[in-house]
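# Residue-level structure breakdown
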Amino acid sequence: MSTDESAEPGPEATPVTHSDDGLDLARQVTSATAGSTPAARRRRARRTPPPGEARRGRLSGAHPDDRDPQLLGGEVGRLVDRGGWELQLRIRGVFARWPELVGEDVAAHCVPESFSDGRLVVRTDSTAWATQLKMLAPSVVRRLNEELGDGTVTVIEVLGPHLPSWKKGPRSTRDGRGPRDTYG
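The structure contained in this document is the topic of the report that follows. Keep in mind that what you see is a predicted model, and the values were worked out from it rather than measured.

### Topic: the overall build of the chain
The helix and strand inventory of the chain stands at eight helices and three strands. Starting at the N terminus and walking to the C terminus, you meet the elements of the chain as α-α-α-α-α-α-α-β-β-α-β. Counting over 184 residues, the chain shows a buried share of 21%. Long-range contacts, defined here as pairs at least 24 residues apart, represent 43% of the contacts in the chain between residues at least 6 apart. Just so you have it, the chain exposes about 14,100 Å², and 54% of that area is on carbon and sulfur atoms.

Written out as structure tokens, the structure is:
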């Protein structure tokens, strides 16, 4: 056989030799129509694409991909990343773990109210605890920044207790300071 005869004949090529059993004719017809049958087209569609190519509308196969069921923790993490909620969730975690971070005795007398732009607002139940927390503020800021990341909390604003208003009744005075009691 020459080199031309050893090459596989294409759909338009005719075989140079012919055998009496008809196998060469069957091979030629099969190779000419191999890609045009519906089954062959389905087989080609099921082949895995090259790495990096999207697999839209195909089965996932034996290897995991993003269309397979995912763990809830991973999905929640992706949702938090997309929404940009990471800092807010960490801050809410600090609010929930407040007694652990500042100590049980301090947490029994003060509670965080809000956080925005590096300012944490804390409400105390008495003016004495407001004064105490103002003295502890640098160490509390340091502890919170260890948990949240450096520079997240810049200042703690300490508020005293909610006091009753003395602006009621028929004999109240405008600009009066009340009975001058510190409530605590």
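Moving on from the coordinates now.
### Considering the sheet that holds strand E1 (residues 110-116)
One open sheet holds the three strands; their spatial order is E1-E2-E3, and the pairing between them is mixed. Every other strand in the sheet has two partners, leaving E1 and strand E3 (155-159) as the edge strands with one partner each. Across the sheet, the axes of successive neighbouring strands diverge by a mean angle of 25°, strand direction being ignored. The strands that helix H5 (residues 86-96) touches are E1 and strand E2 (119-124); relative to E1, the one it contacts most, it runs at about 170°. Lying on the sheet, helix H8 (residues 127-148) is in contact with E1, E2 and E3; it crosses E3 at an angle near 155°.

### Describing the environment of Arg-119
For Arg-119, the location among the structural elements is in strand E2. Owing to a relative accessible area of 39%, Arg-119 belongs among the partly exposed residues under this scheme. Taking C-alpha positions, Arg-119 is 6.1 Å from Thr-154, a pair spaced 35 residues apart along the chain. With residues near it in sequence (within four places) discarded, Arg-119 still touches Ser-114, Thr-154, Val-155 and Glu-157. Within the structure, the side chain of Arg-119 is placed 3.3 Å from the side chain of Glu-157, a separation counted as a polar contact.

What counts as what
- Residues numbered from 1 in each chain as written.
- Predicted model: local features only at pLDDT ≥ 70, side-chain atom pairs only at ≥ 80, totals over all residues.
- Heavy atoms only, no water.
- Helix = DSSP H or I, 4+ residues; strand = E, 2+ residues; numbered from the N terminus.
- Buried < 20%, exposed > 50% of the residue type's maximum accessible area, 1.4 Å probe, protein only.
- Contact = heavy atoms within 4.5 Å.
- Areas by Shrake-Rupley, 256 points an atom, 1.4 Å probe, with all protein chains shown as cover.
- Pairing = 2+ DSSP bridges.
- Axes fitted to C-alpha atoms, helices over the stretch in contact; angles between N-to-C directions.
- Polar contact = N/O pair within 3.5 Å; in protein donor to acceptor, adjacent residues only side chain to side chain.

Read these as spatial facts, not as claims about activity.
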